[in-house]
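# Breakdown of the fold
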Amino acid sequence: MFGTIKSGMATSMFEIAVVSNNVANSGTTAFRKSNTSFSDLYSGASPESVARLSKGVGSLVEGTKQSTEQGGLLNREGVLNLALIGKGMFVSAAPAADGVPSETLTFSRDGEFALDKDGILRTSTNDFVLGYDGVGGTDLQSLVVPYESEDGAQLTALEINAEGKILATYGGQPAVVLGQIAIGSFPNETALRQLGMNRFQATDGSGELILGAGGQEGFAMIQAGVLETSNVDLTTELTNMIRAQQQFSGSSRILQTYSDMIEKLTR
């Protein structure tokens, strides 16, 4: 009996923690909410038995999965503020010891980018944004926007189109393609490992990485001047919070009643 009550309280507390994290990040750019799944435990259950005829002995947390639902779009001036409209994630890498991108790739829907002092495109966590050379290359590399051309002309305009191509204008010269932002996709994005700061990493469960670019079949379009908002629905999350709190409160009362019964029986 005690174990059954304890499992109910534990699963309620776990759901409260997950929902609290969702609510706390409801204003975080491109945050993906997590959903909790549970399973029932039965006494003496076997492949031949019928679960509804077995005695329940509590519940168990199966785990959490990230929701892949598209968030809303928020206008944010700036050509380096980007949103993905559709499937996929931006590809990035943290700086290695020698200052170049590490071989460990990370993924995020957060497109709030900026150029550093050397013109290198960085994420909001200062990781390298990865892409291609823009002229047919398929190898991932960091993306650089020089502040002046080889002949000394200054950067006067910058544009990122729906395909993720970076178009730079120097002085009065025609725009040139400096690179193309890569998009990564997985067969099962819900199994990606959360790293914190809105970043994810591949796992065995997520499947192999599929690389592409904006507008290709199966990949999102890129829209500049907007950011994707969190996909958290506060009404739904607060409803889930109230339900989990009621479950915990009910389990607590049952535990107190059970303790009182044991105390009376052992006097």
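Please read these numbers as outputs of a predicted model, since none were measured by experiment.

Time to look at the overall build of the protein. Counting its secondary structure elements, the protein contains two helices and 18 strands. Judged by the C-alpha coordinates and their principal axes, the protein covers about 95 × 35 × 35 Å. Every one of the 267 residues in the protein was classed for burial, and the buried ones make up 37%. In the protein, of all internal contacts separated by at least 6 residues, the share reaching a separation of at least 24 is 61%. Taken as a whole, the protein presents about 14,500 Å² of accessible surface, with 53% of it coming from carbon and sulfur. Separation between the mean location of the 18 positive side-chain charges and that of the 29 negative ones in the protein comes to 16 Å.

Applying the stated criterion across every chain yields a total of one cavity of 30 Å³ or more. Computed from the structure, the largest cavity encloses a volume of approximately 90 Å³. For the largest cavity, the lining is made up of 13 residues, of which Ser 92, Ser 108, Asp 110, Thr 123 and Arg 199 are closest to its centre. Its residues assigned to classes, the lining of the largest cavity comprises four nonpolar, six polar and three charged.

With the rule as written, the count across this model stands at two aromatic pairs. Taking the centre distance of 5.0 Å and the plane angle of 75° together, the rings of Phe 90 and Phe 113 count as edge-to-face. In this pair, Phe 90 sits in strand E5 (residues 89–95) while Phe 113 sits in the loop between strand E6 (101–108) and strand E7 (114–115), placing the two residues 23 residues apart along the sequence. As far as the burial class goes, Phe 90 and Phe 113 line up, both buried. Each ring, one from Phe 107 and one from Phe 186, has its centre 4.9 Å from the other, and the planes form 90°; the classification is edge-to-face. Here the residue Phe 107 occupies a position in strand E6, and Phe 186 occupies one in the loop between strand E13 (176–185) and strand E14 (193–196), the gap between them amounting to 79 residues. A cation sits over an aromatic face here: Arg 122 above Phe 128, 4.1 Å from the ring centre.

Looking now at the UniProt feature "domain: Flagellar basal-body/hook protein C-terminal" (unreviewed entry) in the protein. In this structure's numbering, the residues bearing the UniProt feature "domain: Flagellar basal-body/hook protein C-terminal" (unreviewed entry) are residues 223–266. The span residues 223–266 is 73% helix and 11% strand, and its two end C-alpha atoms sit 70 Å from each other.

Below, the discussion takes up the layout of surface pockets. Approximately 200 Å³ is the volume found for the largest pocket. In terms of lining residues, the largest pocket is bounded by 15 residues, among which Asn 25, Phe 31, Gly 196, Met 197 and Asn 198 are the most central. If you list the elements that add at least two residues to the lining of the largest pocket, you get E14 and strand E15 (199–201). Per-element tally for the lining of the largest pocket: the top contributor is E14, with three residues. Two domains share the lining of the largest pocket, each providing at least three of its residues, namely domain 1 (1–67 + 232–266) and domain 2 (72–229).

Here Gly 250 lies in helix H2 (residues 234–265). With 241 residues separating them along the chain, Gly 250 and Met 9 place their C-alpha atoms 8.8 Å apart.

With that settled, consider the pattern of salt bridges. Evaluated as defined, the whole model comprises eight salt bridges. A salt bridge links Lys 117 to Asp 118, with the nearest nitrogen and oxygen atoms 3.3 Å apart. With relative accessibility at 72%, the residue Lys 117 sits in the exposed group. The exposure class of Asp 118 is partly exposed, given its relative accessible area of 47%. Across the pair Asp 127 and Arg 199 runs a salt bridge, and its minimum N-O distance is 3.3 Å. One end of the pair, Asp 127, is in the loop between strand E8 (121–122) and strand E9 (128–132); the other, Arg 199, is in strand E15, with 72 residues separating them in the sequence.

Time to look at the pairing of E5. In terms of residue burial, E5 counts as a mostly covered element, since five of its seven residues are buried. Of the strand pairs in this sheet, E5 and E13 are connected by two bridges, and their pairing is antiparallel. Across the sheet, residue Phe 90 finds its bridge partner in E13, namely Ile 183. Alignment of E5 against E6, held across five bridges, turns out to be antiparallel. Bridged to Ser 92 within E6 is Thr 106. Counting the residues between successive antiparallel strands, the hairpin from E5 to E6 contains five residues, one of them, Gly 99, with a positive phi of roughly 90°. When E5 meets E9, the two strands line up antiparallel, connected through two bridges. Bridge pairing in E9 places Ala 93 opposite Phe 128.

Cut-offs used in this document
Residues numbered from 1 in each chain as written. Predicted model: local features only at pLDDT ≥ 70, side-chain atom pairs only at ≥ 80, totals over all residues. Heavy atoms only, no water. Helix = DSSP H or I, 4+ residues; strand = E, 2+ residues; numbered from the N terminus. Buried < 20%, exposed > 50% of the residue type's maximum accessible area, 1.4 Å probe, protein only. Contact = heavy atoms within 4.5 Å. Areas by Shrake-Rupley, 256 points an atom, 1.4 Å probe, with all protein chains shown as cover. Lys, Arg positive; Asp, Glu negative; His and termini not counted. Charge placed at Lys NZ, Arg CZ, Asp CG, Glu CD. 1 Å grid on protein atoms, 1.4 Å probe; cavity = no way out; pocket = protein on both sides within 12 Å on 5 of 7 lines; lining within 4 Å. Points joined across faces, edges and corners; volume = space filled by probe spheres on them. Nonpolar A, V, L, I, M, F, W, Y, C, P; charged D, E, K, R; others polar. Phe/Tyr/Trp six-rings, centres within 6.5 Å; stacked < 30°, edge-to-face > 60°. Lys NZ or Arg CZ within 6 Å of the ring centre and 35° of its normal. UniProt positions renumbered as here; feature names shortened; annotations may be inferred. Domains from an automatic or database assignment. Salt bridge = Lys/Arg side-chain N within 4 Å of Asp/Glu carboxyl O. Pairing = 2+ DSSP bridges.

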